[in-house]
Every structure is written in structure tokens, then in C-alpha cells.
Amino acid sequence: IERYRDGRNFVTNGPLLRFDVNGQPLGARIRVPAGLPYRALLSAEVTARSPLARVEFVQNGQVIDSHEVPSGQTSFHAEKEVMVNKSCWFAARVTGQPARGIPTGGTPRAHSGAIYVELGGRPTLIREDIELMIRWVDRLWLYLEERNNLGPGNNRERARKMFNQALEHYNSKLAQAQQP
């Protein structure tokens with residue numbers, strides 16, 4: 001549970017994935033002084049029972065590098081060097097070749113948790129992601145009202161207050177956010 005809370009995890013329906021940035025593990029926050037670029041060496045090690053298809057590196061939700069795995073291989077190592085000039089997060093993801101007995105349409109997949117690089121103490125705030133969260137909070141409120149699923153007493157007022165706090169939180173982040 002503590003590793004999960006620390007972001008030291010990955011999700012999978014088969015492939016096993018190890019991912020690090022300059023030797024720092026999943027969930028790490030790499031702090032870099034302001035004004036200094038940072039050389040990040042991304043490294044992924046994958047092994048699976050069925051053949052792999054692709055290993056990708058992701059930065060702030062966008063694929064920045066993709067490695068096709070040679071046909072029939074069940075293990076693969078990939079690396080990518082990236083120069084970081086502003087705060088960001090990295091992850092790795094894996095897709096295997098379709099295989100029997102695998103949920104989600106028979107395609108083995110894995111996705112790592114994030115590793116964060118913070119330059120000058122600035123967190124990674126992506127405008128598109130924050131706007132998505134605002135839309136989801138609004139959508140959830142509309143869903144609760146439509147279903148009249150707020151329960152007895154002053155639950156509606158308490159819920160509205162919590163939703164407003166969430167919206168204030170995300171709106172306060174928009175001014176600091178960067179484009180993807």
C-alpha cells in the first residue's frame with residue numbers, strides 16, 4: 001500500500017515492466033535547480049510470457065519514443081535520452097502481440113507510474129489535463145443532480161461545497177499551467 005501511495009507501481013495484464021530515469025524509481029521526484037537543463041536517461045526493461053510488440057516512452061502524456069520489438073521476443077530493453085528544459089513527468093508503456101487468455105481483447109499491456117522532473121521547484125501542470133479535470137468535476141455534478149443521488153439532509157449543500165473546492169483548486173492551477 002505504501003508503494004502505491006508513493007507512486008511506485010505499474011499496471012499490467014501480463015508483461016512485467018521496470019522503468020527508471022537516471023536510476024530513479026517509479027514515483028520519484030527529481031529536483032533540479034532553476035536555469036539548468038537536465039539530461040534524463042529513460043530506461044525500460046520488459047519481460048512477458050507472450051511475444052512483445054512495442055515499448056514506448058511517454059512525456060507529459062505524449063509518446064516521445066517508440067521501439068518495435070523484434071518478432072517473437074518476450075523480453076526487451078529500451079533507452080532514450082531526453083534533455084529537460086521545464087518540469088515534466090515520464091512513464092513507459094508496453095504492448096504485446098495478441099495472445100490467448102489475456103483480458104482486454106487478448107492484447108498484453110503494461111503502463112508504468114510516473115517519474116517527475118521538477119526544474120526550479122515548479123510542478124508539472126499541463127493546461128489540457130487541468131481543463132479535463134474541470135470538465136469531469138462539472139460532469140460528475142450534473143450526473144449527481146440528474147440522478148438526484150445526493151442523499152438526505154444537507155448532503156446536497158455539503159457536496160456542492162466540496163465540488164466548488166475542487167473547481168477552485170483546478171482553476172488556481174490554470175495560471176501556472178503549460179501547454180502540452
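All figures in this text were calculated on a predicted structure; none of them were measured in a lab.

Here the structure, examined in full by the defined rule, presents 2 aromatic pairs. Seen in terms of ring centroids, Phe19 and Phe57 are 6.0 Å apart; in terms of plane orientation they differ by 35°. Their pairing is tilted. Residue Phe19 is located in strand E2 (residues 16-21), and its partner Phe57 is located in strand E5 (residues 52-59); the two are separated by 38 residues in the primary sequence.

Each regular strand shows side chains that alternate between the opposite faces of the sheet. Strand E10 (residues 115-119) sits mainly inside the fold: 4 of its 5 residues count as buried. Judged from the 4 bridges that link them, strand E3 (residues 29-32) and E10 form a sheet pairing that is parallel. Of the residues in E10, the one forming a bridge with Ile30 is Val117. Of the pairings in the sheet, the one linking strand E8 (residues 88-96) to E10 comprises 3 bridges and is antiparallel in character. Within the sheet, the bridge partner assigned to Trp89 lies in E10 and is Tyr116.

Our next topic: the environment of Gly23. Turning to its location among the elements, Gly23 is positioned in the loop between E2 and E3. Since its relative accessible area comes to 54%, Gly23 is described here as exposed. Sequence separation of Gly23 and His67 is 44 residues, and the distance between their C-alpha atoms is 20 Å.

In this section: the pairing of strand E9 (residues 109-112). By the alternation rule, side chains of E9 split into Ala110 and Ser112, which are all buried, and Arg109 and His111, of which none is buried. Looking at chain direction, strand E1 (residues 10-12) and E9 are connected through 3 bridges and run antiparallel. Counterpart to Phe10 in the pairing with E9 is Ser112. The sheet contact formed by E8 and E9 spans 3 bridges and is antiparallel. When the sheet's bridge partners are listed, Arg93 is paired in E9 with His111.

Rules of the game
Residues numbered from 1 in each chain as written. Predicted model: local features only at pLDDT ≥ 70, side-chain atom pairs only at ≥ 80, totals over all residues. Heavy atoms only, no water. Phe/Tyr/Trp six-rings, centres within 6.5 Å; stacked < 30°, edge-to-face > 60°. Helix = DSSP H or I, 4+ residues; strand = E, 2+ residues; numbered from the N terminus. Buried < 20%, exposed > 50% of the residue type's maximum accessible area, 1.4 Å probe, protein only. Pairing = 2+ DSSP bridges.

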